[in-house]
Amino acid sequence: MTSTHERLKIKAQKLRLEKLEAQAQEDAYYKKMTTGLNWTIFTILTFFCLILNILITIDTFVDTNKLEPVESYSFDRSIYAIGYQSVVIDGNLFMPAIQDLAGFEASSFKVEISPIFRIPKYFHFDKIDTYSAAEPFKVHHRVLQEQSIYNYFPYLQIALILPLLVFLFKEQEPWFKFSRLACLLLIFPGSLLILFNIYF
């Protein structure tokens, strides 16, 4: 009959073997995640997100000040926004404040196109202000497009830089697995969806 000491020794040895086996499996899984075709695809998509991030950031901050006349527009009254008027220009939504739009000159409607992606960024218009001074004078207004990539700074930039951080600081830690999975399921598909929405 084995003594208590021997049983504990056998159990400790078994636990050590199980721990070594679990560590070997963990090492194999980490190596699989960070090598081969899977990691190559992750790397390509990481640098795609980085380039997209740079382009969107430049497009957000750089204004061309080149205004193109608006050929047609409409007021969308189905969008209920208190204090704002919905102006739709070529399918793009702009929401100037009602007090800014009051007294507008329709002939002054112009859009400013972004320098890189060439999509409408700002809506420009003039109005005649007859209330602020004794003599009426012209006031220029500029309105950022609603529901566009320019409305989500800096959250969009932070999201698109996360894959690069995962790529640079990869470690055999639980946060790496979670972050890598978040990139694969959320950020990479999201970046492709952003590019699709820009052009289609």
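Each remark here, short or long, concerns the structure printed above.
Now for a look at the structure at hand. Because the structure is predicted, anything quoted here is derived from the model rather than measured.

Turning our attention to the side chain of Gln145. By the secondary structure assignment, Gln145 is in the loop between strand 7 (137-144) and helix 4 (155-168). Filtering out sequence-adjacent residues up to four positions away, Gln145 remains in contact with Asn92, Leu93, Phe94, Pro120, Lys121 and Asn151.

Another point: the pairing of strand 5 (residues 110-113). Direction of pairing for strand 1 (residues 67-69) relative to strand 5: antiparallel, over a ladder of three bridges. From the neighbouring strand, Leu67 faces strand 5, where its bridge partner is Glu112. The pairing of strand 5 with strand 6 (residues 120-129) spans four bridges and is classified as antiparallel. Bridging from a neighbouring strand, Val111 pairs with Phe123 of strand 6. Between strand 5 and strand 6, which follow one another and run antiparallel, lie six residues, and Arg118 among them has a positive phi close to 55 degrees.

Now for a nonpolar patch on the surface. A cluster of nonpolar side chains, Ile54, Ile58, Phe61, Val62, Ile116 and Phe153, forms an exposed patch at the surface whose accessible area comes to about 510 Å². With respect to the helices and strands, Ile58 occurs in helix 2 (residues 36-61).

The sheet built from four strands is open, its strands ordered 1-5-6-7 with antiparallel pairing. Looking at strand neighbours, the two that pair on one side only are strand 1 and strand 7, the edges of this open sheet. In this sheet, adjacent strand axes meet at a mean angle of 30 degrees when their direction is disregarded.

In this section: unusual backbone geometry. In this structure, Pro154 follows Phe153 across a cis peptide bond, with omega equal to 0 degrees. Along the polypeptide, Pro154 turns up in the loop between strand 7 and helix 4. One non-glycine residue, Arg118, lies in positive phi territory at about 55 degrees. Structurally, Arg118 is set in the loop between strand 5 and strand 6. For Gln147, which is not glycine, the phi dihedral falls at a positive 55 degrees. As for its position among the elements, Gln147 is in the loop between strand 7 and helix 4. Take Gln147: its relative accessible area is 63%, and that puts it in the exposed class.

This paragraph deals with the pattern of salt bridges. Within the structure shown, the criterion is met by four salt bridges. A salt bridge links Asp63 to Lys121, with the nearest nitrogen and oxygen atoms 2.8 Å apart. Remark: Lys121 occurs in strand 6 and Asp63 occurs in the loop between helix 2 and strand 1; sequence separation between them is 58 residues. Measuring nitrogen to oxygen at the nearest pair gives 3.6 Å for the salt bridge that ties Lys138 to Glu105. Residue Lys138 is located in strand 7, and its partner Glu105 is located in the loop between helix 3 (98-101) and strand 5; the two are separated by 33 residues in the primary sequence.

What counts and what doesn't
- Residues numbered from 1 in each chain as written.
- Predicted model: local features only at pLDDT ≥ 70, side-chain atom pairs only at ≥ 80, totals over all residues.
- Heavy atoms only, no water.
- Helix = DSSP H or I, 4+ residues; strand = E, 2+ residues; numbered from the N terminus.
- Contact = heavy atoms within 4.5 Å.
- Pairing = 2+ DSSP bridges.
- Patch = residues over 30% accessible without salt bridge, like charges linked within 9 Å, V, L, I, M, F, W, Y side chains within 5 Å.
- Areas by Shrake-Rupley, 256 points an atom, 1.4 Å probe, with all protein chains shown as cover.
- Salt bridge = Lys/Arg side-chain N within 4 Å of Asp/Glu carboxyl O.
- Axes fitted to C-alpha atoms, helices over the stretch in contact; angles between N-to-C directions.
- Buried < 20%, exposed > 50% of the residue type's maximum accessible area, 1.4 Å probe, protein only.

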